Amino acid sequence: MGSPRRAAQRMGAARASGANVVRLLQSVQANGIAETLRELNLTALAGRPIEEVFAGLADYVCPEDGSIDQGIARNAFIETIADLADAGITDIDGLTPEQMTTVFELYVAHTIEARICNDIGTKAVALPANPAAAQNVEDMLHDFIQRGVSDAVSQSGSNIQALSPAEISGFVTSVYEDAYRILQAMGDAEAAR
């Protein structure tokens with residue numbers, strides 16, 4: 001994907017949606033879910049389980065435009081929703097700062113993983129023919145990316161809940177660039193073994 005900056009630039013729709021994720025989480029924490037839903041004309045989702053609320057917010061977070069990039073962002077958001085329970089996030093009105101960070105990290109990791117898989121697919125790189133071996137490669141890639149994203153967010157030193165609207169986009173871009181930089185370093189270290 002080239003340099004970390006170029007790789008992050010290729011994540012255009014995902015970066016924009018990542019900023020929407022941060023804004024959404026900030027609104028929920030500051031105003032509560034009922035008010036956030038009211039502001040988005042989605043009051044019918046109030047009181048629904050967290051997975052249904054997040055699914056209903058998909059059009060806000062990842063507006064559809066038919067592009068592959070937006071499809072990657074939307075799919076990543078759906079994957080993030082599927083991971084909420086495993087991450088212990090079940091009460092949207094009680095989101096802690098740590099849970100906000102977890103939701104954001106999950107989303108970023110899923111977008112990077114989807115972009116890499118899309119690039120592999122379009123370049124016709126073959127996975128192992130054995131389904132178990134192919135699944136092992138996919139699992140390792142997921143764990144690798146998740147660690148890289150978590151490290152990038154930690155290194156940023158930013159408090160997601162305190163970011164101003166002007167700072168959000170820069171923060172999201174920085175996390176993508178840092179994540180790619182970390183993934184590149186981890187990959188180089190693994191290749192040198």
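Residues numbered from 1 in each chain as written. Predicted model: local features only at pLDDT ≥ 70, side-chain atom pairs only at ≥ 80, totals over all residues. Heavy atoms only, no water.

Caption draft 1: Seen up close, helix α2 (residues 12-31). Its 20 residues place the ends of α2 28 Å apart at the C-alpha level, agreeing with the 28 Å of an ideal helix rising 1.5 Å per residue. Taken from the residues just after α2, Gly32 is the one with a positive phi, measuring 90°. (Helix = DSSP H or I, 4+ residues; strand = E, 2+ residues; numbered from the N terminus. Expected span 1.5 Å × (residues − 1).)

Caption draft 2: Seen up close, unusual backbone geometry. With a phi angle near 60°, Asn41 is a residue other than glycine that sits in the positive phi range. Take Asn41: it is sitting in the loop between α3 (33-39) and α4 (50-56). Residue Asn41 is classed as exposed on the basis of its relative accessible area of 71%. (Buried < 20%, exposed > 50% of the residue type's maximum accessible area, 1.4 Å probe, protein only.)

Caption draft 3: Spatial organisation of the pattern of salt bridges. Applying the stated criterion to the full structure yields 5 salt bridges. Between Arg38 and Glu35 there is a salt bridge; the shortest N-O distance is 2.6 Å. Of this pair, Arg38 and Glu35 are both found in helix α3, 3 residues apart, which corresponds to roughly one turn of the helix. Here Arg38 falls in the partly exposed class, since its relative accessible area comes to 46%. Across the pair Asp59 and Arg74 runs a salt bridge whose closest N-O atoms are separated by 2.6 Å. Of this pair, Asp59 sits in helix α5 (residues 58-61) while Arg74 sits in helix α6 (residues 68-83), and the two are 15 residues apart along the sequence. The class for Asp59 is partly exposed, based on a relative accessible area of 49%. Members of the salt-bridge network, linked through shared partners, are Asp59, Glu64 and Arg74. (Salt bridge = Lys/Arg side-chain N within 4 Å of Asp/Glu carboxyl O.)

Caption draft 4: The environment of Gly71, seen in detail. Tracing the sequence through the fold places Gly71 in helix α6. Each C-alpha atom of the pair Gly71 and Arg15 lies 13 Å from the other, and the pair is 56 residues apart in sequence.

Caption draft 5: Looking closely at α6. Across its 16 residues, α6 extends 22 Å between first and last C-alpha, which sits within 8% of the 22 Å expected from 1.5 Å per residue. Among the residues making up α6, those that are buried are Gln70, Ile72, Ala73, Arg74, Ala76, Phe77, Thr80, Ile81 and Asp83.

Caption draft 6: Focus on the packing of aromatic side chains. On inspection of all chains with the given rule, the structure shows 1 aromatic pair. Pairing Phe54 with Phe77 gives two aromatic rings, centres 6.0 Å apart and planes at 40°, and the pair type is tilted. Of the two residues, Phe54 sits in helix α4 while Phe77 sits in helix α6, which places them 23 residues apart along the sequence. Here Phe54 and Phe77 have matching classes, each one buried. (Phe/Tyr/Trp six-rings, centres within 6.5 Å; stacked < 30°, edge-to-face > 60°.)

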